[in-house]
Structures are given as structure tokens and as C-alpha cells.
Amino acid sequence: MKLEPMSLFWLALTVAAYLFSRWLYGRTGRYLLSPLVLVPALLLAVAIPLHTAYAEYARNTHWLIGVLGPVTVAFAVPIWQQRAMLARHWPALLLGMLAGSLASISSSWGLAHLLALDESVSLSLVPRSITTPFAMPLAHDLGGVPELTAVFVMFTGVLGAVFGGLLLRVLPLRTSLARGALFGVGAHGAGVSRAHEVGGEEGSVAGLVMVLTGLLNLFAAPLLACLL
Amino acid sequence: MKATVSNALPRLLAELCALFVLYFVGGQLVAWLGWPIPAGVMGMALLLMLFAVGALKPGTLQRGAGWLMAQMLLFFIPALMSLLDYGSLMRSEGWRILLVIALSTLVVMVVTALTVELVCRWSLRHEA
């Protein structure tokens, strides 16, 4: 195999930007410096002036996306550890996840059509509130573009982490279950880390419902594919 | 803490290997059964079964699983770079897309939180 210095450069730059951003966020705690925002911004700032196409960037970095598969396997650990909470509160959590998912799918789809967005863009918007390892295969099943969905998932995480904090001040939520579910269903991974800042219980709830909502949506894919 | 560093890394790598093997086995199983679910979901189901029958304790894989979940962002950054090919889409539809995401996210959060809160209050009142 021929060595391609430019595409190895992208792999090295991606990992370096990620490590740098994680370190910087750990020191400053500034939300705009979190890896979710800073890493894509840094990489785009280098790639756009160089006129790099996605195919060229992806050549040696695409395998990283494949690791999302084993991440899905790892989700078994929080599910198992939170099974007592799940056994106790499953009606509230299940109804919350169902209502939230319905709200997510119908509002994404409805608003996308209202604003006359492209069909493939609209379909890619549908899975945007669930975590990437589930959102990308779901986008594929629905006929959307998985990469575009990953972009929308990122925007959702960035906005959701901010909105969630504001909503907590406005909504009369007395239970940690509701506060955690708000972040886990609404803003996946970014929401879960925000929920951990609110409280330990909120964080655990958010982590659990994030995974379960992803599963729920993925298993609803055949039904959704018929409806949309 | 320092003393544990020397065997923390091999331990982490072994746990990661186990998770990758489960993913691989899940993929084989899905292909063999012809089920339309991702390999990772099957791997997760296998791991849950191993926990359920007591063959594995969650603590055994906690470090590897925690590491993978904590670094999840690194694994989806390459997909974000697909923006490179969507420059014109973002220029023409970008603000509308952001509006959809922002409004829909608000709706999802309010609906989810209020549903869970109402069901919790209802069941508390009926337990008492």
C-alpha cells in the first residue's frame, strides 16, 4: 500500500485537535471550547482553505466512525448498572421516551417540510435527537445521509446542552427523573454530560434514557420508513 | 495511584479487546440470522445476557466501556467533516436547518420532561 502523507496528516490532526480541545476544556470549562464545538471548527479552519474534499479527509479517518459499533456494545454497562432504577420507574421513563421521540420525529419532519428543506435533508434530520451510534444507522435505514445526520446530531447536542440549562429554570420539575430525561432524550451525549453537572442522579437517568431512546428509535425504523 | 498505572493500561486494552470481540461476534450473528439490526446492538444484547446469567460482572468491563463512551466524540468527528461537501447546502439551507433543530430540540425537551414529571407525580399520589 502506498503511503499517503496528506491523509495520515488528517488522522493525526483530528486526534491532536481532539486531545488539545479536551485538555483546554478541562482547564477553562468554557462551553465554546468544548471538543464538540472546537474540534470541528479547528479542522474546518484548516481543511477549507486547503480545498480538501470530504473523501480525501475520510480516507484514513473513516475507520474512527467504525468504533461507534463497539461503543454501542459498551452501552450495555450503564443499562445493566441502572436496571434497578429502570425496574422502579420504567412507566415514567418509557412514556417520557415515547412522547419525546414522537415529538422529535414529528417536529423535525414537520418543520423541515414547513421550511421546504430538501427531502434527503429532512430525512437526515429525523434521527437528530438520538446518540450518534444509533442515529447514523437509523438515517441509513430511513434513506437519509448518515454523515449529514451526524452533523445535525452535533448541532442538537450544542444547542440542547444550552437550552436544557435554561429550561430547568423555567419548567416546574421537582423530580430528578424528569430533569435527567430532559437532557437524555433531548440532547444525547452532550446532554448527559450537562446533566451530570446538575446532579449525579440526573446524570445517571440521562445516560440510561439516552441509550434506551436510541434503541427505541432504531427498532421503530421499519415503521418510520413506511410512514415518512 | 502511580503503582496502578503500570497495569491499568494492559487492563484497559484487554477490556477494549473484549468489547471489540463482542461487536465482531454480534456482527457475525446478525449476518447469520439475517436480522436487520446493527452489529453493535446485537453485541450489546449479548453483553447484557452475559451479565444476566452472571458469566460477567459489569465491573469487569467498566473501565473499557467508560473509556469508549467518554471518547465517543472522537469517533464521530470524521462524520462531521462531511460538512466539507455540504458548503453550498449550508449556505442555502443552513439557517433553516438550524431553526428546525433549535425549535425541535426545545419541543422534545419540554414534552419529555413534562411527561416524566406528570407520570412521577401521578404515581406518587397513587402510592400514597
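Please read all numbers here as calculations on a predicted model, not as lab measurements.

Things to note about the interface of chain A and chain B
Next, step 1: Residue-level contacts link 92 residues of chain A with 64 residues of chain B.
Next, step 2: Of all residues in chain A, the largest losses of buried area upon contact with chain B belong to Tyr18, Val73 and Trp80 of chain A, amounting jointly to 10% of the total for that side.
Next, step 3: Our count for the chain A to chain B interface comes out at zero salt bridges.
Next, step 4: At the boundary of chain A with chain B, the tally comes to 13 residue pairs in polar contact (both at pLDDT 80 or more).
Next, step 5: The dominant element in the side of chain A that touches chain B, judged by the number of residues it contributes, is helix α10 (residues 146-170) of chain A, at 13 residues.

Concerning the side chain of serine 104 of chain A
Next, step 1: One can find serine 104 of chain A in helix α7 (residues 83-114).
Next, step 2: Residue serine 104 of chain A is classed as buried on the basis of its relative accessible area, which comes to 2%.
Next, step 3: When neighbours within four sequence positions are excluded, serine 104 of chain A is seen to be in contact with Val126, Arg128 and Ser129 of chain A together with Ser104 and Val108 of chain B.

Focus: helix α2 (residues 35-47) of chain A
An α-helical turn contains 3.6 residues, so a residue and the one three or four places further along point in the same direction.
Next, step 1: In this model α2 of chain A runs 17 Å from its N-terminal to its C-terminal C-alpha over 13 residues, within 8% of the 18 Å that 1.5 Å per residue would give.
Next, step 2: What α2 of chain A keeps buried is the set Pro35, Leu36, Leu38, Val39, Pro40, Leu43, Leu44 and Ala47 of chain A.

Some words on the layout of surface pockets
Next, step 1: Here the largest pocket defines a volume of roughly 1,100 Å³.
Next, step 2: In terms of lining, the largest pocket is formed by 42 residues, of which the most central are Gly189, Ala190, Val192 and Ser193 of chain A together with Met69 of chain B.
Next, step 3: Looking at the lining of the largest pocket, the elements that each hand over two or more residues are α1 (5-28), α2, α6 (76-81), α10, α11 (176-198) and α12 (200-219) of chain A together with α3 (58-70) and α4 (72-80) of chain B.
Next, step 4: Size it by volume and the second largest pocket reaches roughly 300 Å³.
Next, step 5: Surrounding the second largest pocket, 19 residues form its lining, Pro133, Met136 and Pro137 of chain A together with Tyr23 and Pro38 of chain B being those nearest its centre.
Next, step 6: Among the elements of the structure, α4 (62-66), α5 (68-74) and α9 (132-142) of chain A together with α2 (39-52) of chain B are those that each provide at least two residues to the lining of the second largest pocket.
Next, step 7: For the lining of the second largest pocket, the element with the highest residue contribution is α9 of chain A, accounting for six residues.

Considerations on a nonpolar patch on the surface
Residue and element names in this part refer to chain A.
Next, step 1: There is a patch of nonpolar side chains on the surface, built from Trp90, Leu94, Leu95 and Leu98 and spanning about 370 Å² of accessible area.
Next, step 2: By the secondary structure assignment, leucine 98 is in helix α7.
Next, step 3: Taking relative accessible area as the criterion, leucine 98 reaches 39% and is therefore assigned partly exposed.

Some words on the domain arrangement of chain A
Residues and elements named next belong to chain A.
Next, step 1: For chain A, the assigned domains are domain 1 (5-66) and domain 2 (74-227).
Next, step 2: One C-alpha centre belongs to domain 1, the other to domain 2, and the line joining them spans 25 Å.
Next, step 3: Taken over both partners, the interface formed by domain 1 and domain 2 buries close to 550 Å², and the fraction arising from carbon and sulfur atoms is 74%.
Next, step 4: The largest share of the area that domain 1 buries against domain 2 comes from Tyr31, Leu36 and Ile65, three residues that together contribute 68% of it.
Next, step 5: Inspection of the region where domain 1 meets domain 2 yields zero salt bridges.
Next, step 6: Between domain 1 and domain 2 we count one residue pair in polar contact (both at pLDDT 80 or more) in total.
Next, step 7: When residues of the side of domain 1 that touches domain 2 are traced back to their parent elements, those giving at least two are α2 and α4.

Conventions adopted
Residues numbered from 1 in each chain as written. Chains lettered and ligands numbered in written order. Predicted model: local features only at pLDDT ≥ 70, side-chain atom pairs only at ≥ 80, totals over all residues. Heavy atoms only, no water. Contact = heavy atoms within 4.5 Å. Buried area = accessible area lost by both parts, 1.4 Å probe. Salt bridge = Lys/Arg side-chain N within 4 Å of Asp/Glu carboxyl O. Polar contact = N/O pair within 3.5 Å; in protein donor to acceptor, adjacent residues only side chain to side chain. Helix = DSSP H or I, 4+ residues; strand = E, 2+ residues; numbered from the N terminus. Buried < 20%, exposed > 50% of the residue type's maximum accessible area, 1.4 Å probe, protein only. Expected span 1.5 Å × (residues − 1). 1 Å grid on protein atoms, 1.4 Å probe; cavity = no way out; pocket = protein on both sides within 12 Å on 5 of 7 lines; lining within 4 Å. Points joined across faces, edges and corners; volume = space filled by probe spheres on them. Patch = residues over 30% accessible without salt bridge, like charges linked within 9 Å, V, L, I, M, F, W, Y side chains within 5 Å. Areas by Shrake-Rupley, 256 points an atom, 1.4 Å probe, with all protein chains shown as cover. Domains from an automatic or database assignment.

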